[in-house]
Amino acid sequence: VFAAMPGKKSARVEPTGPKGGEIVRKKKSKGEDGEVVEKKEKKVLSKEEIEEKLREIKQSSTEETLRKRKGDKMQRAASGKALRLQRAAAKRERQSQRSKLREKHGEEMVPKEVPRTIENTREYDETMVAEQDEEVEHDEAHDEFAAYYRKDTQPKVLITMSPFARVRTWKLCYELQRCIPHAEIFSRKGVPLKKVVEQAKSKGYTDLLVVHENMREPNGIVFCHLPEGPTAFFKINNLTFTQDIKKTGASTDHYPEVVVNNFNTRLGHTISRMFTCLFPQSPEFKGRRVVTLHNQRDYLFFRHHRYEFKKEGTKAALLELGPRMTLRLKWLQKGTFDTRCGEFEWVLKRHEMETSRRRFFL
């Protein structure tokens with residue numbers, strides 16, 4: 001700090017730095033009565049200067065983090081909690097600085113940062129479907145499911161199970177029947193699956209669900225679309241029956257709304273259309289039932305809810321009806337079920353295909 005020369009006006013510059021987002025210049029001058037008066041002049045920063053300040057904030061935090069990482073590993077392990085607290089405090093300080101800049105210069109000048117996640121950094125797939133793709137729309141207008149979307153055909157679903165199935169497999173079949181309208185259960189016993197497919201075709205069924213079990217627990221579902229396919233096999237994970245869910249409700253006979261979410265590839269579109277064709281395309285909103293199939297990192301989350309609006313429609317409450325399970329697609333086959341001579345469109349080979357955490361197929 002240097003003292004001002006006597007007999008001259010003293011000027012002191014106080015930059016507020018990134019916190020204020022502006023430079024305040026204080027000047028001292030004499031008024032008419034000879035009194036010293038301080039005048040403040042504010043300079044509004046340009047967009048380039050704001051971006052430079054944001055880079056300085058980020059660079060300072062990066063340098064501080066690198067500096068703290070140096071040293072002995074034992075010392076860092078001993079002071080791990082303190083380091084986490086310091087990083088959290090530094091993060092809050094950066095957020096505070098950005099919010100102050102945003103208040104002074106607006107949202108457009110200081111936009112909010114988008115967090116990096118595995119979903120928004122996924123690897124590009126050649127089969128990803130863009131919005132209003134004419135080729136995809138043409139194919140879907142002439143595929144095996146087009147008649148259901150035109151409401152020319154009503155779904156009729158047959159549910160069966162492995163030969164000599166146990167209690168929990170039967171229980172899942174009954175819960176699926178309660179969830180899917182116009183679904184019927186057939187006790188398979190020792191009948192071969194190919195024969196079951198032919199019998200279902202002759203009786204006018206549009207879809208066949210076969211619940212497989214292992215060690216007396218349901219572990220997979222074969223989904224066969226009739227009469228021409230395709231056929232898919234899903235592995236069941238994290239199965240929870242209705243009676244094991246807290247605060248459940250009773251299902252009604254109303255046609256549910258169907259929500260399929262986050263299917264972005266051609267394969268994903270096929271799976272979502274297969275699932276949607278299990279239900280009539282005319283939902284009865286009076287019943288407030290919703291069946292959801294949400295895809296996240298190629299895991300399909302199956303949920304069944306009833307919703308209710310509260311506070312004049314500003315909030316919605318959900319009551320889960322069950323069952324709750326997570327599905328993983330293992331293979332997709334053209335035509336009806338034929339594991340020996342059938343043509344497989346897609347097969348999951350984990351060691352060959354899952355080469356990156358950011359590579360997804362649905």
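Under the annotation held in an unreviewed UniProt entry, the chain carries the name Brix domain-containing protein and is attributed to Pristionchus entomophagus.

Now for the side chain of T276. Its place among the elements puts T276 in helix 8 (residues 266-276). On the accessibility criterion, T276 (9% relative accessible area) is buried. If we ignore the near neighbours within four places in the chain, the residues touching T276 are Y149, V258, V260 and Q281.

Moving on, we come to the pairing of strand 12 (residues 315-320). Residues in a regular strand project their side chains so that they alternate between the two faces of the sheet. Across six bridges, strand 11 (residues 299-310) lies against strand 12 in antiparallel orientation. The partner of Y307 across the bridge, within strand 12, is L318.

If the charged atoms of two oppositely charged side chains come close together, the side chains can form a pair. Considering all chains together, one arrives at 10 salt bridges under this definition. In this structure, K194 and D338 form a salt bridge, with 3.2 Å as the shortest nitrogen-oxygen distance. Of this pair, K194 sits in helix 7 (residues 193-202) while D338 sits in the loop between strand 13 (324-333) and strand 14 (344-347), placing them 144 residues apart in sequence. Among the charged side chains, a network of salt bridges with common partners joins E140, D143 and R273.

This brings us to the nonpolar core. Counting residues in each nonpolar core, the largest one holds 41 residues, and the members touching the most others are F234, I271, L300, L329 and W346. Not counting the four nearest positions on each side in its chain, W346 is found in contact with L267, L329, K330, W331, L332, M353 and F361. Grouped together as the second largest cluster of nonpolar side chains are 14 residues, L208, V210, F233 and F337 included.

With that out of the way, let us pick up the packing of aromatic side chains. This structure, assessed with the given rule, holds seven aromatic pairs. When the centroid spacing of 6.0 Å and the interplanar angle of 85° are considered together, the rings of F275 and F302 count as edge-to-face. Residue F275 is located in helix 8, and its partner F302 is located in strand 11; the two are separated by 27 residues in the primary sequence. On the basis of relative accessible area, F275 is assigned to the buried category, the value being 8%. Measuring from centroid to centroid gives 5.5 Å for Y307 and F309, while their planes differ by 65°, and the two rings are edge-to-face. The structure contains a cluster of three or more aromatic residues connected by ring pairs, namely F233, W331 and F344. Lying across the ring of F241, K171 places its NZ or CZ 4.8 Å from the centre.

Moving on, we come to the side chain of T160. Assignment of secondary structure puts T160 in strand 4 (residues 157-161). Overall, T160 belongs to the buried group, its relative accessible area being 0%. Only 3.0 Å separates the side chain of T160 from the backbone oxygen of F186, close enough to count as a polar contact. Those residues in contact with T160 that sit more than four places away from it in its chain are C173, F186, R188, V196, L208, L209, V210 and V211.

This part is about helix 8. With eight of its 11 residues buried, helix 8 lies for the most part within the structure. Inspection of helix 8 places L267, G268, I271, S272, R273, M274, F275 and T276 among the buried residues, and these make up the whole buried set.

This part covers helix 7. If you check which residues of helix 7 are buried, you get L193, V196, V197 and A200. Projected onto a plane normal to the axis of helix 7, the buried residues spread over an arc of 100° and lie on a single side. Packing partners of the buried residues in helix 7 comprise strand 4 and strand 6 (207-214).

Right, let's talk about unusual backbone geometry for a bit. Here the residue pair L226 and P227 is connected by a cis peptide bond, since its omega of 5° sits within 30 degrees of zero. Counting through the fold element by element, P227 comes out in the loop between strand 7 (217-225) and strand 8 (231-240). The step from G229 to P230 runs through a cis peptide bond, and the omega angle for that step is 5°. Mapped onto the elements of the fold, P230 is located in the loop between strand 7 and strand 8. Within the chain, R216 stands out as a residue other than glycine whose phi angle is a positive 65°. Turning to its location among the elements, R216 is positioned in the loop between strand 6 and strand 7. Despite not being glycine, R297 shows a phi value in the positive range, around 55°. Here R297 is to be found in the loop between strand 10 (289-296) and strand 11. Judged by its relative accessible area of 37%, R297 falls in the partly exposed class.

Rules of the game
Residues numbered from 1 in each chain as written. Predicted model: local features only at pLDDT ≥ 70, side-chain atom pairs only at ≥ 80, totals over all residues. Heavy atoms only, no water. Helix = DSSP H or I, 4+ residues; strand = E, 2+ residues; numbered from the N terminus. Buried < 20%, exposed > 50% of the residue type's maximum accessible area, 1.4 Å probe, protein only. Contact = heavy atoms within 4.5 Å. Pairing = 2+ DSSP bridges. Salt bridge = Lys/Arg side-chain N within 4 Å of Asp/Glu carboxyl O. Core = buried A, V, L, I, M, F, W, Y, C linked by side-chain atoms within 4.5 Å. Phe/Tyr/Trp six-rings, centres within 6.5 Å; stacked < 30°, edge-to-face > 60°. Lys NZ or Arg CZ within 6 Å of the ring centre and 35° of its normal. Polar contact = N/O pair within 3.5 Å; in protein donor to acceptor, adjacent residues only side chain to side chain. Arc of directions from axis to C-beta.

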